[in-house]
Amino acid sequence: MPVIAKVLITILIVLVVLVVVLYFVGKKLQKKQAEQEAQIEAAKQTVSMLVIDKKKLKLKDAGLPSMVLEQTPKYMRRAKFPIVKAKIGPQIMSLICDASIFDSIPIKKEVKATVSGIYITGVKGIRGGLNTAPAKKKGKFKAWVERMQEKAGAKPVK
């Protein structure tokens, strides 16, 4: 058997083992995330709050309780989180926001938020609804490609 064939078979075996390991690790992480989502759903409450400010900050700069910092894994402490500073009743608090709704939270407005501990999972506007960001303009090249696809009768690429 040539040397190249042996090397290719070895690489193929290593790749197959890697894919199998990633499959099982991914399955395990998926179960863990589902459990966490269930805990968040069980503890959620609807709260009326006045949003003062929102930023993406590191945990140590966000003004969160020290217990939160201690429980966070070391590799996540350097990451930036979406932080919302809000007045809930008489108290001003810093809360961690879900990244998917961070852009839809209006500043200096009162909102009804779904909160689980210090984690905001959903937001609804109280007066006048939420301000949604306007759709981004397409670049000249993308607009040109779209026009050409329309002329040709092809499906647009997303």
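Keep in mind the model is a prediction, meaning the values are calculated, not measured. (Residues numbered from 1 in each chain as written. Predicted model: local features only at pLDDT ≥ 70, side-chain atom pairs only at ≥ 80, totals over all residues. Heavy atoms only, no water.)

### Describing the overall build of the protein
From N to C terminus, the protein includes three helices and five strands. For the protein, the sequential pattern of α-helices and β-strands runs α-β-α-β-β-β-β-α. Here the C-alpha radius of gyration of the protein, 24 Å, is well above what a compact globule of 158 residues would show, namely 15 Å. Overall, the C-alpha framework of the protein stretches about 80 × 55 × 30 Å when taken along its three principal axes. (Helix = DSSP H or I, 4+ residues; strand = E, 2+ residues; numbered from the N terminus. Rg over C-alpha atoms; globule rule 2.2 N^0.38 Å.)

### Some words on the pairing of strand β5 (residues 119-125)
Note: strand β3 (residues 91-97) against β5, two bridges, orientation parallel. Each bridged residue has a counterpart across the sheet, and for Ile96 the counterpart in β5 is Tyr119. Sheet topology note: the strand β4 (residues 110-116)/β5 ladder contains six bridges and is antiparallel. Bridge pairing in β5 places Val115 opposite Ile120. Where β4 folds back onto β5 in an antiparallel hairpin, the turn is made up of two residues, including Gly117, whose phi is positive at roughly 70 degrees. (Pairing = 2+ DSSP bridges.)

### Topic: helix α3 (residues 140-152)
Between its terminal C-alpha atoms α3 stretches 18 Å, which fits the 18 Å expected from 13 residues at 1.5 Å a residue. Downstream of α3 by one or two residues, Gly153 has phi in the positive range, about 80 degrees. (Expected span 1.5 Å × (residues − 1).)

### Focus on the side chain of Lys54
Mapped onto the elements of the fold, Lys54 is located in strand β1 (residues 45-58). Of the buried charged residues, Lys54 lacks a salt bridge, with Asp103 as the closest side chain of opposite charge at 5.1 Å. Polar side-chain contacts of Lys54 include one of 2.8 Å to the backbone oxygen of Ile105. In contact with Lys54, not counting residues within four places along its chain, are Ile83, Val84, Phe102, Asp103, Ile105 and Ile107. (Buried < 20%, exposed > 50% of the residue type's maximum accessible area, 1.4 Å probe, protein only. Lys, Arg positive; Asp, Glu negative; His and termini not counted. Salt bridge = Lys/Arg side-chain N within 4 Å of Asp/Glu carboxyl O. Polar contact = N/O pair within 3.5 Å; in protein donor to acceptor, adjacent residues only side chain to side chain. Contact = heavy atoms within 4.5 Å.)

### Here we look at the sheet that holds β1
If you walk around this closed barrel you meet the five strands as β1-β2-β3-β5-β4, and the pairing is mixed. Taking the axes of each pair of neighbouring strands and ignoring which way they run, one obtains an average angle of 50 degrees across the sheet. With eight bridges connecting them, β1 and strand β2 (residues 80-88) associate as antiparallel partners. When the bridges of β2 are listed, Lys58 appears paired with Lys80. Along the sheet, helix α1 (residues 3-43) contacts β1, β4 and β5; its crossing angle with β4, the most-contacted strand, is approximately 125 degrees. (Axes fitted to C-alpha atoms, helices over the stretch in contact; angles between N-to-C directions.)

### Concerning a nonpolar patch on the surface
On the surface, a cluster of nonpolar side chains totalling about 800 Å² of accessible area is made up of Val3, Ile4, Val7, Leu8, Ile11, Leu15, Leu18 and Leu22. Residue placement: Val7 occurs in helix α1. For Val7, a relative accessible area of 43% translates into the label partly exposed. (Patch = residues over 30% accessible without salt bridge, like charges linked within 9 Å, V, L, I, M, F, W, Y side chains within 5 Å. Areas by Shrake-Rupley, 256 points an atom, 1.4 Å probe, with all protein chains shown as cover.)

### Re the packing of aromatic side chains
Within this structure, the stated rule accounts for two aromatic pairs. Centre to centre, the rings of Tyr23 and Phe24 are 5.2 Å apart; their planes meet at 75 degrees, and the pair counts as edge-to-face. In this structure, Lys54 is placed above the aromatic ring of Phe102, and the distance from its NZ or CZ to the ring centre is 5.0 Å. (Phe/Tyr/Trp six-rings, centres within 6.5 Å; stacked < 30°, edge-to-face > 60°. Lys NZ or Arg CZ within 6 Å of the ring centre and 35° of its normal.)

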